[in-house]
Amino acid sequence: MDKITLTTPIRYLKRVGPVMSEKLKRLNLETAEDLIYYFPFRHEDYSLISPIAQIREGETVTAIGRIIKIENNYLRSSKQKTIQKAILKDNTGIIEIIWFNQTYLSRTFSEPKLVSVSGKVKRQGRKLQFISPNFEIIGPEEEIDSQKPEEKLTGTGRLVPIYPVTFGVSNNYLRRVISQALPNLIEEVEEFLPEKIIKEERLIGQKEAVNQIHFPENKAYLAKARKRLAFDELFLLQLNFLLNKRRWEKRQPAPKMKNKPGILKKLISSLPFELTNCQKRAIKEITEDLNRPVAMNRLLQGDVGSGKTIVAAAVILVAAKNGYQSVLMVPTEILAQQHYQNLKTLLTPLGISVKLITGSNKKEVKDSKEIWQLIVGTHALLHRRRDFRRIGLVIIDEQHRFGVSQRSILIEKSNLPDKDRFSPHILTMTATPIPRTITLTVYGDLDVSSLDQMPPGRKPVKTYLVPGKKRKDCYQWIKKQIKTGQSQAFIICPLVEDSETLESVKSATEEYRKLKKEVFSAEKIGLIHGRMKSKEKEAVLAKMKNGETEILVATPVVEVGIDIAGANIMIIEAANRFGLAQLHQLRGRVGRGKKQAYCFLFAGKTGLKAKKRLRAMEENKNGLKLAEIDLKIRGPGEIYGTQQHGFPEFKIASYTDLALIRSARFHASQVLEKSPTLALYPKIKQKLNRSPGKIVAPN
Ligand code: ADP
Ligand code: MG
């Protein structure tokens, strides 16, 4: 075989061959390079090497010595299972080792061999024991003191790498193959980052990092290797985003819309309040985007009640005054209705025509010749290309609910009816607080405007995690509040799944019946869920709005966008099933009026981790802060379902390391500023194109 290089197929490596290479393929390992870039996700610390006489109970430790005796026995409990008992001896003492079902070991140690054994030491009667420890044979000849045996160790006596493995590929095996291949291959690993970035970020070199991530000399080196490789992942990801963004802007000519002085004046002076500073800033950022001949791709985020609608109204107005139609797409009919009403109130006096399209009013307006300046609707919109004329602006509310495909359909359709082909500007709005680290890593090709300040005069919702035994008291307290005629309550049923399933409808219906019969028989109680017809839902909400209904039992998915000023109490059942950002969003449904609002969280029996999360709800009233806490406690997988949302899979980098994400972004944009096509940075370009890690840019 020729010299092994990074591109050598993995089967030619020592200890691999055709059979193992098939198995390694399951881990996406095909070349030598793939292998050395297959990073351990953690390390076990077996670096404490101790003379046997000094080993103590409970220690995680390594002993080096000779197996002087080994015997094979059947386990008393089961004739199929065997136990191997061995004695390890060094020149200070002996210790017992137990393995299970490894009968071959008696042959391995038929003559004494020098071994290194790592694991946790337990006490058995008066003896100390290693139970199923890692071990490595160092060799039959070497003398204990004549050299440093730990230099050859891969699975014991050091920081031991733990790899993600699959059936038929063990960690022991991977360690051996990698440690064998690494010394030669590492010479070929090239630095791809410019010296300047390495210096400024105090990174170690690529070679050293790849070497140390597998078999680190010590913890400090491991930390440095992790930082360097995390930076690489984030840097390449950011480069991808920024390149995508540039490509998008090049490809997507869009109508340039002027925000002539005076356009917004009328709207703003018609409002009974002053815009908050962040609303003003958001309007400015968005209208500046509209004024460029490339399609905007911006996310507007802000807590429930932060006032996104008025920002949308302002930019719709700018589009309309420039002769372009706007489309506002929302996930539910209730929300569509509400937006339609609100925007009509705001915009009709300014001469803007507004139309509602939902699934249920499909037939009402037939083939109208009229041109609407704003169309509000659900995804039913997607089938109504006849109504589309010169779409210049697409606004998507609660965008996380829409699939990527629906978005692109809408965007493509906007092109169809027009002779002059352009892409609309796109604004997505969300009340789901997204931590900065996530907007930077997942929505990295979007621009973001944040309404991080609430309109004045809002009282934070008082929130309590209620222990099960206080449930009755809580109900009694609510009854009392409702009797005053000044309070209304929501009772949110457990989250069954992410969408409105029959299951969740059933659980809400049952809860409603139970409460009506057993608890709130004197109160006027209603039920709403997503499987109701939209007319029914409207009727239920109308009753809640005018106070006819005092308590409304609801499934969690109905939550988005309900705007009922009189509601100031909320119970959330099985609150532990929700993410903090979700709970915060739900809670934002109450306290829209002047009265103090309350939110009671029921969680049943939960673990400490869940309690800690829910306590954060009591203390924090800021959605973004809560989302960050949740991200730290639960991680992105559990919160966002990372795969379906196109989260990049990091091998090393973390979604919580804002500082590193920021500096990766900074350096990526600097590099592109200097050399938009990366022509000046051929090594970065090469790395980007054949990066062995999977970097998936969303959308
Ligand atoms: P969301 O961001 O949840 O969509 P909305 O746009 O529905 O919030 O606004 C919530 C409420 O706050 C509405 O009744 C709206 O009229 C009001 N509002 C919006 N901006 C302000 C402001 N600057 N001052 C006072 N009230 C405001
Ligand atoms: Mg809204």
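The structure this text deals with has already been given above.
Predicted, not measured: the structure shown is a model, and the values here were computed from it.

**Topic: the site of ligand 1**
Among the 15 residues in the neighbourhood of ligand 1, the closest are listed as Glu 274, Gly 305, Lys 308, Thr 309 and Arg 458. Residue Glu 274 places a main-chain N or O atom 2.8 Å away from a nitrogen atom belonging to ligand 1. In the model, an oxygen atom of ligand 1 is placed 2.6 Å from a nitrogen or oxygen of the Gly 305 main chain. Coverage of ligand 1 by the protein chains reaches 76% of its 560 Å² of free accessible surface. Residues of the shell around ligand 1, tallied by class, amount to four nonpolar, six polar and five charged.

**Examining helix α21 (residues 682-689)**
Residues of α21 that are buried include every one of Ile 684, Lys 687 and Leu 688, and no others. All buried residues of α21 fall inside an arc of 100 degrees around its axis, so they share one side. More than 90 degrees from the buried face of α21, the exposed residues found are Pro 682 and Asn 689.

**Considering the pairing of strand β2 (residues 60-74)**
Where β2 meets strand β5 (residues 114-124), seven bridges bridge the pair, whose relative direction is antiparallel. Note that in β5 the partner of Ala 63 across the bridge is Val 117. Both β2 and strand β3 (residues 82-89) contribute to a ladder of eight bridges, which runs antiparallel. When the bridges of β3 are listed, Asn 72 appears paired with Gln 84.

**A few points about the sheet that holds strand β15 (residues 447-451)**
Spatially, the seven strands line up as an open sheet ordered β11-β12-β10-β13-β14-β9-β15, and their pairing is parallel. Of all the strands in the sheet, just β11 (354-357) and β15 have a single pairing partner and so form its edges. Taking the axes of each pair of neighbouring strands and ignoring which way they run, one obtains an average angle of 20 degrees across the sheet. Alignment of strand β9 (residues 297-302) against strand β14 (residues 425-430), held across five bridges, turns out to be parallel. From the neighbouring strand, Asn 297 faces β14, where its bridge partner is Ile 426. Sitting on the sheet, helix α9 (residues 277-290) touches β9, β13 (391-397), β14 and β15, and the angle it makes with β15 is about 155 degrees.

**Regarding the environment of Glu 188**
Following the sequence through the fold, Glu 188 ends up in the loop between α4 (171-185) and α5 (195-200). For Glu 188, a relative accessible area of 25% puts it in the partly exposed group. In contact with Glu 188, not counting residues within four places along its chain, are Lys 3, Ile 4, Thr 5 and Leu 6. Polar contacts involving the side chain of Glu 188 include one to the main-chain amide nitrogen of Leu 6, which spans 3.4 Å.

**Here's the deal with the sheet that holds strand β19 (residues 551-554)**
The six strands are arranged β16-β21-β20-β17-β19-β18 in an open sheet whose pairing can be described as parallel. Either end of the sheet is taken by a strand with one partner, and the two such strands are β16 (462-466) and β18 (525-528). Ignoring which end each strand starts from, the neighbouring axes of this sheet average 20 degrees apart. Helix-sheet contacts for helix α15 (residues 502-519) involve β17 (488-492), β18 and β19, and the interaxial angle to β18 is about 175 degrees.

**Thoughts on unusual backbone geometry**
With phi around 65 degrees, Asn 28 is a residue other than glycine that occupies positive phi space. Tracing the backbone shows Asn 28 in the loop between α1 (17-25) and α2 (32-36). According to the relative accessible area criterion, Asn 28 is exposed, its value standing at 55%. The backbone of Leu 678 sits at a positive phi, close to 65 degrees, despite the residue not being glycine. With respect to the secondary-structure elements, Leu 678 resides in the loop between α20 (658-674) and α21. With relative accessibility at 2%, the residue Leu 678 sits in the buried group.

Rules used throughout
Residues numbered from 1 in each chain as written. Chains lettered and ligands numbered in written order. Predicted model: local features only at pLDDT ≥ 70, side-chain atom pairs only at ≥ 80, totals over all residues. Heavy atoms only, no water. Near = heavy atom within 4 Å. Polar contact = N/O pair within 3.5 Å; in protein donor to acceptor, adjacent residues only side chain to side chain. Areas by Shrake-Rupley, 256 points an atom, 1.4 Å probe, with all protein chains shown as cover. Nonpolar A, V, L, I, M, F, W, Y, C, P; charged D, E, K, R; others polar. Buried < 20%, exposed > 50% of the residue type's maximum accessible area, 1.4 Å probe, protein only. Helix = DSSP H or I, 4+ residues; strand = E, 2+ residues; numbered from the N terminus. Arc of directions from axis to C-beta. Pairing = 2+ DSSP bridges. Axes fitted to C-alpha atoms, helices over the stretch in contact; angles between N-to-C directions. Contact = heavy atoms within 4.5 Å.

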